[in-house]
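If you want the building blocks of each chain, they are given just below.
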Amino acid sequence: MQKNPLSIIMNPKSIVYLGGSNSLQTMGTAQLITLITGGYQGEIYPIHRKEKTVLGLKAYPNISSLDKPAELAVIVIPGKAIPGVLKECGEAGIHHAIIITAGYGEIGQKGASLQQELLAIARKYNIRFLGPNCIGIVNAHIGLNTTWFPNKYRAGKVGIISQSGSYVTQTLTYFEKLGLGLSQAISVGNQADIDMVDCLEYLGEDEQTRAIALYIEGIKRPKAFLRAARKITARKPIVAVYVGGSTAGARACSSHTASMAGPDGIYSGFFHQAGILRAGNVMELFDWTMALAQQPLPKGKNIAIVTNSGGPGSSMADEANHCGLEVPIFSPALQEKIKAITPLTAAAVNPVDITMNYDLDLIYKKLPELILQGQDMDGLLFYGIFGSIHFQDKIAFTGNPAGNILNPMKSLLEKACDEFVKLPEKLKKPILCACFSGREDDAVVRIQDGGIPVYPTPERAARAMAALWEYATIKKRNRDESNEGENR
Amino acid sequence: MNIIDKAVKIGRTSLSEFEAKQLLTAYQIPVTREALVENEESLLKIAATLGYPLALKGCSADIAHKTEKGLIHLDIRNDQEALTAFKDISTSMKQSKNTILVQEMVQGKRELMAGLTRDAQFGPCVMFGLGGIFTEILKDIAFRVAPLEKLDALEMMKEIRGHNILTAVRGLEAVDKDALADILITIGRIGLENKQIKEIDINPIIISDTRPIVVDALVILDKDQA
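Everything numeric here is computed off the predicted structure, so don't read it as measured data.

### Concerning the overall build of chain B
Helix and strand content of chain B: 7 helices and 11 strands. Along the longest, intermediate and shortest principal axes, the C-alpha atoms of chain B span 50 × 50 × 30 Å. Put simply, chain B has 226 residues, and 53% of those count as buried. A separation threshold of at least 6 residues defines the contact pool for chain B, and within that pool the share at least 24 residues apart is 62%. On chain B, roughly 10,500 Å² of surface is accessible, and the fraction owed to carbon and sulfur atoms is 50%.

Written as structure tokens, this is what we have:
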């Protein structure tokens, strides 16, 4: 089997960079700055005709003047110079490239023939490339970021393949707020050479990527895509967003079937066949992959809810029901056990409402463990994270020196959160949380960084739980594997 | 030379209902028992063989959505009604030679539909959904890209909102899902094996006790694939 070109592109030991200068007026310079400042440990060789150094790095006048070939070329220069540069790469023994420059297939006939020219040169010199018209890549685990966007993101387990550059770049700050950790992200651009199927196969094999998020506008090789996706979804979840208008109305058809066959319905069917979860929007795409990448799958659809407040608990229960989960009343035996450890005011049926209670050991350990350790419940939705930030003002107002009370509280809270995040692995059952506070709350940070997603609203946590269940059912279904690949 | 090749060769853009049913029969899809008649004598003979109640339909490749043109008479109970229907349809058709399809009336409360469409990206795709008048009203449908495996066919049935219609409801027996799955898988096969077929509507499929039976079918041809 041929080696996937992305294994070099995503993990290059050295990069030759075309399009960076000492002037911030070009996009190439801005992208080079992200590359330099991201923590990437490999060599970076900027090419510049005049300058001796670019952004503090030794610059080379052209590719042939490099001491040894770089593993990857990142190209952000005007289109007319690219064919020449690709040839130079080939002659210098550089066999992998990312072409960020736009103005190709996406602009029509003229661009398409320019794109063909690039492809022909690449084939001739045995070069594999990503793009053109892409924003580049991020490999969070080695600090590699060739995009224009900032490096403030966490390394994690969600891999992204996108036909829109924005969803792997402008989303980085959103991921940070959401608590989503990224493994690798690929903007595929026009897919002139390397396409989404190559990316799927690559992330399918990547150990650090535990769930794959796809943003799709069209599929170039549906049969190969289906084959690759099915192989992956048997063991690793894929969630996709497809946004396509319905063209059904515009087409002249004689049958009802054809008149109702918009791309939307066909994509849904195709995703089902591939074992891919279809998210309704970009928010769900990242919500779901975040849960799938970090939490164990439920073995059934019976979900317990623990809350310290009636409203959010009800919202969770309601939404869980809407998405096909069950929130069954606990057995009398379990109810008795819950009552034995919770205050009298609490409802012990499911949802369990512990009301405003600050017994950290009860909330974060005893109660979840009690509920999940039996056979009845398959997962837990949790509302009631309450970090020390909420006490700061009050403590200060009473005139207490903050540290006296706040510091012990913080350390108790940290201990409780650390116990809490161990539960999913220990009990082999998923836990998802919701909290209206974000990462300004120290408890939210501790829990998110410990591997349990905390969503900004109760409904989003419930829907993510439903996605875990949906993937569990996909994983269980019996495909006739002998048929796979033969007639597809 | 088969029905499709013949029709495409002479520039036709669809098969008649009778031809469409022959195609489906060749693929082992269960269809109504039926025959074509051109005069009253053969009508009564066929009626005696099939047994009342019957349906009479004007049959021509040019007539797609027949209901709107008054070319269908349903639930015909005896020879007298059959002759009247024959006359009515003959008048409406206004053709020199009238070909009329005589068909058993399949009894069943549940109507489903299946179909084939060709997508520029994915190729032949199979559709399944609620049939009869509900097809267009509710658009409760699911698609799969051909070829379908049994699992795909079964999941399509689960995917429609009205999937409970397939279970044992209101005194009806559960639908034979294996038989229905066979139909869906086969439609995908027909699409893969016959490039000249552009679209198929099989609507309704009536559930007779538990068994799905194709009551009406439309096959649209692509003359550019001749």
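Next comes the rest of the account.
### Some words on the domain arrangement of chain A
Residues and elements named next belong to chain A. Under the domain assignment, chain A is made up of domain 1 (6–135), domain 2 (140–294) and domain 3 (303–474). Computed over C-alpha atoms, the centres of domain 2 and domain 3 are 30 Å apart. Interface of domain 2 and domain 3: buried area, both sides summed, is about 1,600 Å²; carbon and sulfur atoms make up 59% of it. Seen at the junction of domain 2 and domain 3, the total is 3 salt bridges. Between Asp-449 and Arg-154 there is a salt bridge, with its nearest N and O atoms 3.1 Å apart. Secondary-structure elements contributing two or more residues to the side of domain 2 that touches domain 3 are helix H5 (172–178) and helix H10 (282–294). Of all the elements, H10 adds the most residues to the side of domain 2 that touches domain 3, at 8 residues. Its residues assigned to classes, the side of domain 2 that touches domain 3 comprises 10 nonpolar, 4 polar and 7 charged.

### Quick notes on the sheet that holds strand S5 (residues 100–104) of chain B
All names here are of chain B. Taken in spatial order, the 4 strands line up as S2-S5-S3-S4 in an open sheet, and their pairing is antiparallel. With one partner strand each, in any of the chains shown, strand S2 (34–37) and strand S4 (72–76) form the two edges of the open sheet. Direction aside, the axes of adjacent strands within the sheet are offset by 20° on average.

### So, the environment of Glu40(B)
Residue and element names in this part refer to chain B. Note on placement: Glu-40 falls in helix H3 (residues 40–50). Distance in space between the C-alpha atoms of Glu-40 and Lys-87 is 8.9 Å, their sequence separation being 47 residues. Sequence-distant contacts of Glu-40, defined by excluding residues within four places in its chain, comprise Leu-83, Phe-86 and Lys-87.

### Side note on the packing of aromatic side chains
Inspection of the entire model under this criterion finds 15 aromatic pairs over all chains. Pairing Phe225(A) with Phe270(A) gives two aromatic rings, centres 5.7 Å apart and planes at 35°, and the pair type is tilted. Of this pair, Phe225(A) sits in helix H7 (residues 222–233) while Phe270(A) sits in helix H9 (residues 263–274); the two residues are 45 residues apart in sequence, bridging distant segments of the chain. For Phe225(A), a relative accessible area of 0% corresponds to the buried category. Centroid distance Tyr364(A) to Phe420(A): 5.4 Å. Interplanar angle 70°. Geometry classified as edge-to-face. Remark: Phe420(A) occurs in helix H15 (residues 402–420) and Tyr364(A) occurs in helix H13 (residues 360–373); sequence separation between them is 56 residues. The rings of Phe225(A), Tyr242(A), Tyr267(A), Phe270(A), Phe271(A) and Phe122(B) are connected pair by pair, giving a single aromatic cluster.

### What about the packing of H7(A) against H9(A)?
Residues and elements named next belong to chain A. Viewed as axis vectors pointing N to C, H7 and H9 meet at an angle of 45°, and their least axial separation amounts to 8 Å. Between H7 and H9, the angle is such that the two are oblique. Along its contact with H7, which presents Pro-222, Phe-225, Leu-226, Ala-229, Arg-230 and Thr-233, the element H9 presents Phe-270, Gln-273 and Ala-274. Residues of the contact of H7 with H9, tallied by class, amount to 6 nonpolar, 2 polar and 1 charged.

### Some points on the domain arrangement of chain B
All names here are of chain B. Partitioning chain B into structural domains gives domain 1 (3–30 + 107–225) and domain 2 (34–104). Its C-alpha centre places domain 1 at a distance of 24 Å from the equivalent point of domain 2. Together, the buried faces of domain 1 and domain 2 total about 890 Å²; carbon and sulfur atoms form 55% of this surface. Inspection of the region where domain 1 meets domain 2 yields 2 salt bridges. Across the pair Glu-34 and Lys-21 runs a salt bridge, and its minimum N-O distance is 2.7 Å. Our enumeration of links across domain 1 and domain 2 arrives at 4 residue pairs in polar contact (both at pLDDT 80 or more). For the side of domain 1 that touches domain 2, the secondary structure elements donating two or more residues are strand S1 (14–15) and helix H2 (17–26). In terms of residue count, the dominant contributor to the side of domain 1 that touches domain 2 is H2 (3 residues). Across the side of domain 1 that touches domain 2, the residue classes tally to 4 nonpolar, 3 polar and 4 charged.

### Considering the packing of H3(B) against helix H4 (residues 79–93) of chain B
For any two helices packed against each other, the geometry comes down to the angle between their axes and how far apart the axes lie. All names here are of chain B. It is the contact of H3 with H4, at a shortest axis distance of 10 Å, that shows an interaxial angle of 135°. The angle between H3 and H4 falls in the class oblique. Here the hand of the crossing between H3 and H4 comes out right-handed. Of H4, the residues touching H3 (which contributes Glu-40, Leu-43 and Leu-44) are Asp-79, Ala-82, Leu-83, Phe-86 and Lys-87. Here the contact of H3 with H4 is composed, by residue class, of 5 nonpolar, no polar and 3 charged.

### Some details on the pairing of strand S10 (residues 154–162) of chain A
Successive side chains on a regular strand alternate, one facing one side of the sheet and the next facing the other. Residues and elements named next belong to chain A. Across the 9 residues of S10, 7 count as buried, placing the element largely inside the fold. In this fold, the crossover linking S10 to strand S11 (residues 181–187) by way of H5 has right-handed handedness. In the sheet, S10 pairs with strand S12 (residues 211–216) via 5 bridges, with the strands oriented parallel. Residue pairing for S12: Ile-161 is matched across the bridge by Leu-214.

### Considering the sheet that holds S11(A)
Adjacent strands of a sheet pair through backbone hydrogen bonds, lying either parallel or antiparallel. All names here are of chain A. Within the open sheet, the 7 strands sit side by side as S9-S8-S11-S10-S12-S13-S14. Their pairing is mixed. Whereas interior strands pair on both sides, the edge strands pair on one side only; in this sheet they are strand S9 (144–145) and strand S14 (277–278). Bridge count for strand S13 (residues 238–242) against S14 is 2 bridges, and the pairing is parallel. Note on S14: the bridge partner recorded for Val-239 is Leu-277.

### Regarding unusual backbone geometry
Negative phi characterises most residues that are not glycine, and trans characterises most peptide bonds. All names here are of chain B. Between Tyr-52 and the following residue, Pro-53, the backbone shows a cis peptide bond with an omega angle of 0°. Tracing the backbone through its elements, the reader meets Pro-53 in the loop between H3 and strand S3 (54–58). Note the cis peptide between Ala-146 and Pro-147, where omega equals 5°. Here Asp-75, not a glycine, exhibits a phi torsion of approximately 55°, which is positive. On the secondary structure map, Asp-75 appears in strand S4. Although it is not a glycine, Asp-209 sits at a positive phi angle of roughly 60°. Structurally, Asp-209 can be placed in the loop between strand S9 (197–208) and strand S10 (211–214). Residue Asp-209 is classed as exposed on the basis of its relative accessible area of 58%.

Rules behind the numbers
Residues numbered from 1 in each chain as written. Chains lettered and ligands numbered in written order. Predicted model: local features only at pLDDT ≥ 70, side-chain atom pairs only at ≥ 80, totals over all residues. Heavy atoms only, no water. Helix = DSSP H or I, 4+ residues; strand = E, 2+ residues; numbered from the N terminus. Buried < 20%, exposed > 50% of the residue type's maximum accessible area, 1.4 Å probe, protein only. Contact = heavy atoms within 4.5 Å. Areas by Shrake-Rupley, 256 points an atom, 1.4 Å probe, with all protein chains shown as cover. Domains from an automatic or database assignment. Buried area = accessible area lost by both parts, 1.4 Å probe. Salt bridge = Lys/Arg side-chain N within 4 Å of Asp/Glu carboxyl O. Nonpolar A, V, L, I, M, F, W, Y, C, P; charged D, E, K, R; others polar. Pairing = 2+ DSSP bridges. Axes fitted to C-alpha atoms, helices over the stretch in contact; angles between N-to-C directions. Phe/Tyr/Trp six-rings, centres within 6.5 Å; stacked < 30°, edge-to-face > 60°. Parallel < 35°, antiparallel > 145°, perpendicular 65-115°, else oblique. Polar contact = N/O pair within 3.5 Å; in protein donor to acceptor, adjacent residues only side chain to side chain. Left-handed = near helix turned anticlockwise from the far one by under 90°. Right-handed = clockwise from strand over helix to strand, strands pointing away.

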